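As a plain string of letters, each chain reads:
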Amino acid sequence: MTMPKPPVPGSLRLRFIVAMLVWIVAGLVVIGLSTSALFRRHVEQQFHEELQVHLVELAELTRLEPDGSITLDRPLSDPRYAMPNSGFYWQVERHGAPPLKSASMPAGALDPSLAHQPDIVHRLAPGPTGPTMTYGFARTAPDGGSELHFLIATDERILNEVIHAFDAELRRWLALLAIGLLLTGAIVIIYTLKPLELLGAAVAAVRSGHARRMADGWPREIAPLVSDLNGLLDQNEAMVARARVEAGNLAHSLRTSLAILTDEAETLASGISGDSASTLLEQCRRIARQLDWHLARARAGGRIGAGTRLPDALVPICTAMERLHAARSVHFSIAASPPTSLAIEPEDFAEIASNLLDNAGKWAAGHVHVDWQTDGGVCRISIADDGPGIPEAAFEKVFESGKRLDEQTPGHGLGLAIARDLAQHYGGEVGLRGRNDGADGLVARITLPLTTGHLTGVDQTDGKS
Ligand SMILES: Nc1ncnc2c1ncn2[C@@H]1O[C@H](COP(=O)(O)OP(=O)(O)OP(=O)(O)O)[C@@H](O)[C@H]1O
Ligand SMILES: [Mg+2]
């Protein structure tokens, strides 16, 4: 399985990730705040009810002794009122008698001003160990004397501790939830965007000539687009095929007449009217070369069948070139590089290679060497000669159609343009460079995709250096 590519600015994946982040963070913040507020309300309510019950219990247990002192029948049922400074306190008061206080309050006292009415009231008041939630009410004494004042209090910090502990746990859980949601969100994004990635690969396969049409089985949202694309491809293919046939027909019909004209011109050139006949001959050859160029362009960009094998495809071309340049005894050698297969029609490869090998043969002093390396889905073929070479500044210029630097050697300045044009049609490139070993001569470099693992195309800067 291939790893998903990292999201780049402007990509759908980045949009999804940003939207998901905002959604998850905002959602969890709202959930966190509302849960904390709900919990606080619930805990406060529980404390409120509990303290009211304790206050009523305190009143029920209070007894007046005959001497006017206050006692309890038994201690309050909650043991925290017996633990010193536990934060849970009670107090009973009566005018003229010493107040009775819980054992939890060895020092200090509760504010009795809250216990002067028959209904229970509560408020935040200072206590022996900090601010307390104090509840109080008053009751008439059974002996008909002055009122009894009952007070119950709990430190506010006890309530706050419960709420803070809950908040801390809530934050931990929400953080875990956020991680879980982000991970599952990432899986959802990869899963839902997969068809788009496959669509890109399918289009690349069509572009590189490895598939003629796009396969079926796309999600419902993409299927119409694929079907339209297939329609367009069919239409294009039919149009190109028609144009190719027409261009081929035109070129062939012209070629026959041109062959007759060339023949006539050659006969004339060997006769008396040499000058104008050679002009005629030269023009005929120029037209023939132009036709070659246009034919090559019409043919390029077709589907790649089995591809082109190296070195098999190079051997016959080098043999033919050696014969063509036999008069100058140029030797063509092919390196023992590992055999490989190029994603290009053999005829188109032959056209590229023979143009470059012909140049090398025309300018070589005596030797032309061909070798190649494969790397990252592409093959780089170098054709090196030991001729005079050309200045570095002209490496690009000579690719312009009709551009020639050396007027002494026959040619029409189209070979390099044809070669580059064809290579680029297959996602490849042709470039010139000096020799690595510093010797005189020129190296023509052909870069072409390999038949496998080449869907990403070829680095267009390569070969121009
Ligand atoms: N191997 C080489 N050594 C020196 N100069 C070269 C070499 N290859 C190409 N050139 C220069 O580049 C020019 C353009 O080459 P190109 O192949 O396009 O045209 P041509 O060989 O002159 O004509 P054609 O190939 O159309 O018959 C040549 O005229 C020549 O000046
Ligand atoms: Mg040439």
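Residues numbered from 1 in each chain as written. Chains lettered and ligands numbered in written order. Predicted model: local features only at pLDDT ≥ 70, side-chain atom pairs only at ≥ 80, totals over all residues. Heavy atoms only, no water.

### As for the environment of F39
Part 1 of the argument: In this fold, F39 is placed in helix α1 (residues 12-61).
Part 2 of the argument: Remark: the alpha-carbon pair of F39 and I163, spanning 124 residues in sequence, is separated by 7.5 Å.
Part 3 of the argument: Once you skip the residues sitting within four places of it in the chain, F39 turns out to touch V162, I163 and F166. (Helix = DSSP H or I, 4+ residues; strand = E, 2+ residues; numbered from the N terminus. Contact = heavy atoms within 4.5 Å.)

### Some details on a nonpolar patch on the surface
Part 1 of the argument: On the surface, L21, V25, V29, L33 and L182 cluster together into a nonpolar patch covering about 420 Å² of accessible area.
Part 2 of the argument: When residues of the nonpolar patch are assigned to their parent elements, the largest contribution, 4 residues, is made by α1.
Part 3 of the argument: In this structure, L33 sits in helix α1.
Part 4 of the argument: For L33, a relative accessible area of 60% puts it in the exposed group. (Patch = residues over 30% accessible without salt bridge, like charges linked within 9 Å, V, L, I, M, F, W, Y side chains within 5 Å. Areas by Shrake-Rupley, 256 points an atom, 1.4 Å probe, with all protein chains shown as cover. Salt bridge = Lys/Arg side-chain N within 4 Å of Asp/Glu carboxyl O. Buried < 20%, exposed > 50% of the residue type's maximum accessible area, 1.4 Å probe, protein only.)

### As for the domain arrangement of the chain
Part 1 of the argument: Looking at the assigned domains, one finds that the chain contains domain 1 (1-207), domain 2 (215-299) and domain 3 (302-465).
Part 2 of the argument: Distance from the C-alpha centre of domain 1 to the C-alpha centre of domain 3: 81 Å. (Domains from an automatic or database assignment.)

### Observations regarding the site of ligand 1
Part 1 of the argument: Of all residues adjacent to ligand 1, which total 20 residues, the nearest are N359, D385, R404, G413 and L414.
Part 2 of the argument: Contact distances for ligand 1 include 2.7 Å between an oxygen atom and a side-chain N or O atom of N359.
Part 3 of the argument: G415 is positioned with one of its backbone polar atoms (N or O) 3.1 Å from an oxygen atom of ligand 1.
Part 4 of the argument: In isolation ligand 1 exposes 590 Å². Once the protein is present, 97% of that is buried.
Part 5 of the argument: Looking at the shell around ligand 1, the element that brings in the most residues is helix α6 (residues 346-363), giving 4 residues. (Near = heavy atom within 4 Å. Polar contact = N/O pair within 3.5 Å; in protein donor to acceptor, adjacent residues only side chain to side chain.)

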